[in-house]
Amino acid sequence: MGSFFSTLLTPPPAADEGDSAVVSVHSRATWDEQWGAVKSTPKLMVIDFSASWCGPCRFIEPSFKEMASRFTDAVFLKIDVDELSEVARQWKVEAMPTFVLIKSGREVSRVVGAKKDELERKINMFISSSSS
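The name an unreviewed UniProt entry gives the protein chain is Thioredoxin domain-containing protein, with Zizania palustris as the organism.

Undergrad: Would you mind going over the state of the cysteines with me for this structure?
TA: Simply put, the disulfide is a covalent bond whose two ends are the sulfur atoms of two cysteines. Across all of its chains, the model carries one disulfide by this definition. Put simply, Cys54 and Cys57 are joined by a disulfide, and their sulfur atoms are 2.3 Å apart. Taking the torsion about the S-S bond as the criterion, the Cys54 to Cys57 disulfide, at about 80°, is right-handed. In this structure, Cys54 and Cys57 share a single accessibility class: buried.

Undergrad: When you look at the environment of Glu107 in this model, what are you seeing that I'm missing?
TA: By the secondary structure assignment, Glu107 is in strand 5 (residues 106–112). Measuring from C-alpha to C-alpha, the distance between Glu107 and Trp91 comes to 8.8 Å, with 16 residues separating the pair along the chain. When residues no more than four places from it in sequence are discounted, the contact partners of Glu107 are Trp91, Val100, Leu101 and Ile102. Side chain to side chain, Glu107 and Arg110 meet in a polar contact 2.9 Å long.

Undergrad: Even after reading the chapter, I still don't get the sheet that holds strand 1 (residues 22–25), so can you show me in this structure?
TA: The strands making up a sheet associate through backbone hydrogen bonding, with each pair oriented either parallel or antiparallel. Pairing is mixed across the open sheet formed by five strands, whose spatial order is 1-3-2-4-5. Each of the sheet's edge strands pairs with one partner strand only, and the pair in question is strand 1 and strand 5. Here the strands of the sheet are splayed against their neighbours by 25° on average, with no regard to which way each runs. Relative to strand 5, strand 4 (residues 98–103) runs antiparallel, the two being bridged by six bridges. Counterpart to Leu101 in the pairing with strand 5 is Ser109. Sitting on the sheet, helix 3 (residues 55–70) touches strand 1, strand 2 (44–50), strand 3 (74–80) and strand 4, and the angle it makes with strand 3 is about 160°.

Undergrad: Honestly, the packing of aromatic side chains in this entry has me stumped. Any pointers?
TA: The relative placement of two aromatic rings is captured by the distance of their centres and the angle of their planes. For the structure shown, the criterion picks out four aromatic pairs. Relative to Trp91, the ring of Trp35 lies with its centre 5.6 Å away and its plane at 70°, an arrangement referred to as edge-to-face. Of the two residues, Trp35 is situated in helix 2 (residues 28–38) and Trp91 in the loop between helix 4 (85–90) and strand 4; the sequence distance between them amounts to 56 residues. Of the two residues, Trp35 and Trp91, both sit in the buried class. Judged by centre distance (5.4 Å) and plane angle (40°), the ring pair of Phe64 and Phe99 falls under tilted. Linking Phe64 in helix 3 with Phe99 in strand 4, this pair joins segments that are 35 residues apart in sequence.

Undergrad: What is the right way to look at the pattern of salt bridges in this model?
TA: Side chains that carry opposite charge are capable of pairing whenever their charged atoms lie near each other. A complete count under the given rule lists nine salt bridges for this structure. The salt bridge involving Asp32 is made with Arg28; its shortest N-O contact spans 3.2 Å. Remark: Arg28 and Asp32 occur in helix 2; sequence separation between them is four residues, near one turn of the helix. Residue Arg28 is classed as partly exposed on the basis of its relative accessible area of 35%.

What counts as what
Residues numbered from 1 in each chain as written. Predicted model: local features only at pLDDT ≥ 70, side-chain atom pairs only at ≥ 80, totals over all residues. Heavy atoms only, no water. Disulfide = S-S within 2.5 Å. Buried < 20%, exposed > 50% of the residue type's maximum accessible area, 1.4 Å probe, protein only. Helix = DSSP H or I, 4+ residues; strand = E, 2+ residues; numbered from the N terminus. Contact = heavy atoms within 4.5 Å. Polar contact = N/O pair within 3.5 Å; in protein donor to acceptor, adjacent residues only side chain to side chain. Pairing = 2+ DSSP bridges. Axes fitted to C-alpha atoms, helices over the stretch in contact; angles between N-to-C directions. Phe/Tyr/Trp six-rings, centres within 6.5 Å; stacked < 30°, edge-to-face > 60°. Salt bridge = Lys/Arg side-chain N within 4 Å of Asp/Glu carboxyl O.

Here's what the structure looks like:
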């Protein structure tokens with residue numbers, strides 16, 4: 001039972017990669033590749049700016065992964081602000097988690113905090129607007 005509680009406090013790092021639909025961005029090259037592939041398309045990109053030490057970030061991570069598996073018409077990225085601080089600065093991230101929603105290379109919305117319902121509502125709104 002002790003291991004159960006420890007996984008609640010410290011999720012295993014392997015869960016970050018695995019078979020998740022979320023792309024974990026650990027380098028500037030990967031960011032540039034992902035950004036280049038989506039910036040000139042109407043496809044929705046949802047970026048989760050988080051940090052390994054951030055409790056609310058770990059709390060919402062399973063919900064973010066679940067949304068990524070449901071909303072397959074969008075690209076979901078996870079960026080650790082400590083690994084890619086220059087990308088976090090570029091998007092003016094000041095708190096974690098911050099979710100930035102981008103279409104056609106421009107920010108269309110943002111959710112600051114582990115606000116699952118608000119994030120899901122905004123993703124739905126912007127995915128619907130691209131399919132009409």
